[in-house]
Amino acid sequence: MLGLRLPTDPRWVDIASRNIEEILTDHAYCEQKAASTAISLIVSFPEYPDLVAEMAALAREEMAHFEQVHKRILERGLKLGRERKDEYVARINQFFPKTGDRLERLLQRLLIAALIEARSCERFKVLSENIQDEDLSRFYRALMASEAGHYTTFLTFARKYGGRERVDAMWQALLDFEAEVIRDFGKKELIHG
């Protein structure tokens, strides 16, 4: 369903399991960044009222996820660490050429957001199915469905504003690029790492 070309190696879960504090901290910041992305889309593209309404709801949901992750950090006697640079997202953001065309930039941002949500959903699935911690397994299973919905939301808006054929061609090219990028990741205790 997600269209990702290269699945996560389940051995990544071993790295995550040995570094729960790190993976939870990284996850918390991923949720905060997702909320920031939604807010940024509102600020950058206020002329799309349907997008604004959906992004406002998404920002609230992502911050609720941040709170859920933070709660789990505290319940385990851990601390929210410092934010880390997301090298995966930095690489994905290099795919599309810079453009002054507002619609093209909107489509690019929506597709990148869809891809990040799709990869997060896939990683949460891998975690939910392979991590030995039952609480985290249930937690990531629940979040997986939410991330899938976010992926669909972004892709649907891109198709609505840019046309299905055009956007699907952009999407397929981005998926091909991501398959090459993700080969370099999965070796660190990071959601996309």
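Residues numbered from 1 in each chain as written. Predicted model: local features only at pLDDT ≥ 70, side-chain atom pairs only at ≥ 80, totals over all residues. Heavy atoms only, no water.

Some details on the side chain of histidine 27
Part 1 of the reasoning: Locating histidine 27 in the fold gives a position in helix H2 (residues 20–44).
Part 2 of the reasoning: Histidine 27 sits in the buried class, given a relative accessible area of 1%.
Part 3 of the reasoning: Here glutamate 31 takes part through its side chain, which lies 2.8 Å from a polar atom of the side chain of histidine 27.
Part 4 of the reasoning: Setting aside its immediate chain neighbours within four residues, histidine 27 contacts Val69, Phe124, Phe139, Tyr140, Leu143 and Ile191. (Helix = DSSP H or I, 4+ residues; strand = E, 2+ residues; numbered from the N terminus. Buried < 20%, exposed > 50% of the residue type's maximum accessible area, 1.4 Å probe, protein only. Polar contact = N/O pair within 3.5 Å; in protein donor to acceptor, adjacent residues only side chain to side chain. Contact = heavy atoms within 4.5 Å.)

Thoughts on the environment of leucine 103
Part 1 of the reasoning: Tracing the chain through its elements places leucine 103 in helix H5 (residues 102–130).
Part 2 of the reasoning: With 88 residues separating them along the chain, leucine 103 and isoleucine 15 place their C-alpha atoms 40 Å apart.
Part 3 of the reasoning: Every residue in contact with leucine 103, bar those within four places of it in the chain, is listed here: Tyr48, Tyr161 and Arg166.

Quick look at the packing of aromatic side chains
Part 1 of the reasoning: All told, the structure shown has seven aromatic pairs when counted by the stated rule.
Part 2 of the reasoning: Ring centres 5.0 Å apart and planes at 45° place the aromatic pair phenylalanine 124 and tyrosine 140 in the tilted group. In this pair, phenylalanine 124 is assigned in helix H5 and tyrosine 140 in helix H6 (residues 134–162), connecting sequence segments 16 residues apart.
Part 3 of the reasoning: The exposure class of phenylalanine 124 is buried, given its relative accessible area of 2%.
Part 4 of the reasoning: Pairwise contacts between aromatic rings join Tyr48, Phe157 and Tyr161 into one cluster.
Part 5 of the reasoning: Of note, arginine 72 hangs over the ring of phenylalanine 139, and the distance from its end group to the ring centre comes to 3.9 Å. (Phe/Tyr/Trp six-rings, centres within 6.5 Å; stacked < 30°, edge-to-face > 60°. Lys NZ or Arg CZ within 6 Å of the ring centre and 35° of its normal.)

Details of the pattern of salt bridges
Part 1 of the reasoning: Within this structure, the stated rule accounts for 19 salt bridges.
Part 2 of the reasoning: With a shortest N-O distance of 2.2 Å, glutamate 22 and arginine 84 are connected by a salt bridge. Here glutamate 22, found in helix H2, pairs with arginine 84, found in the loop between helix H3 (49–75) and helix H4 (87–92); they are 62 residues apart in sequence, far enough to count as distant.
Part 3 of the reasoning: Across the pair lysine 160 and aspartate 50 runs a salt bridge, and its minimum N-O distance is 2.2 Å. (Salt bridge = Lys/Arg side-chain N within 4 Å of Asp/Glu carboxyl O.)

So, the layout of surface pockets
Part 1 of the reasoning: Empty space within the largest pocket amounts to approximately 590 Å³.
Part 2 of the reasoning: Forming the walls of the largest pocket are 29 residues, and the residues nearest its centre are Thr37, Val89, Asn93, Ile112 and Ile116.
Part 3 of the reasoning: Mapped onto the lining of the largest pocket, the elements with two or more residues apiece are H2, H3, H5 and H6.
Part 4 of the reasoning: The element that contributes the greatest number of residues to the lining of the largest pocket is H5, accounting for nine residues.
Part 5 of the reasoning: For the lining of the largest pocket, the per-class residue count stands at 12 nonpolar, eight polar and nine charged. (1 Å grid on protein atoms, 1.4 Å probe; cavity = no way out; pocket = protein on both sides within 12 Å on 5 of 7 lines; lining within 4 Å. Points joined across faces, edges and corners; volume = space filled by probe spheres on them. Nonpolar A, V, L, I, M, F, W, Y, C, P; charged D, E, K, R; others polar.)

Focus: H3
Part 1 of the reasoning: Between the first and last C-alpha of H3 there are 39 Å, a value that for 27 residues agrees with the 39 Å anticipated at 1.5 Å per step.
Part 2 of the reasoning: Leu51, Met55, Leu58, Ala59, Glu62, His65, Phe66, Val69, Arg72 and Ile73 are the residues of H3 that are buried.
Part 3 of the reasoning: Looking at the buried positions of H3, the neighbouring elements they touch are H2, H5 and H6.
Part 4 of the reasoning: Just downstream of H3, glycine 77 is the residue with a positive phi angle, here 75°. (Expected span 1.5 Å × (residues − 1).)

Notes on the nonpolar core
Across soluble globular proteins, you tend to see nonpolar side chains buried next to one another.
Part 1 of the reasoning: Counting residues in hydrophobic clusters, the biggest one holds 40 residues, and the most contacted among them are Leu51, Tyr88, Leu110, Leu111 and Trp171.
Part 2 of the reasoning: Among the secondary structure elements, those contributing two or more residues to this core are H2, H3, H4, H5, H6 and helix H7 (164–182).
Part 3 of the reasoning: By residue number, the principal contributor to this core is H5, which donates 11 residues.
Part 4 of the reasoning: In contact with tyrosine 88, other than residues within four places in its own chain, are Leu115, Ile116, Arg119, Glu178, Val181, Ile182, Phe185 and His192.
Part 5 of the reasoning: Membership of the second largest hydrophobic core comes to 20 residues, among which are Ile23, Ala28, Val126 and Phe139. (Core = buried A, V, L, I, M, F, W, Y, C linked by side-chain atoms within 4.5 Å.)

Thoughts on the confidence of the model for the protein
Part 1 of the reasoning: Considering every residue of the protein, the mean pLDDT works out to 93; 99% of them sit at 70 or more.
Part 2 of the reasoning: Element-level mean pLDDT values for the protein span from 86 in helix H1 (residues 12–18) up to 97 in H3. (pLDDT = per-residue confidence, 0-100.)

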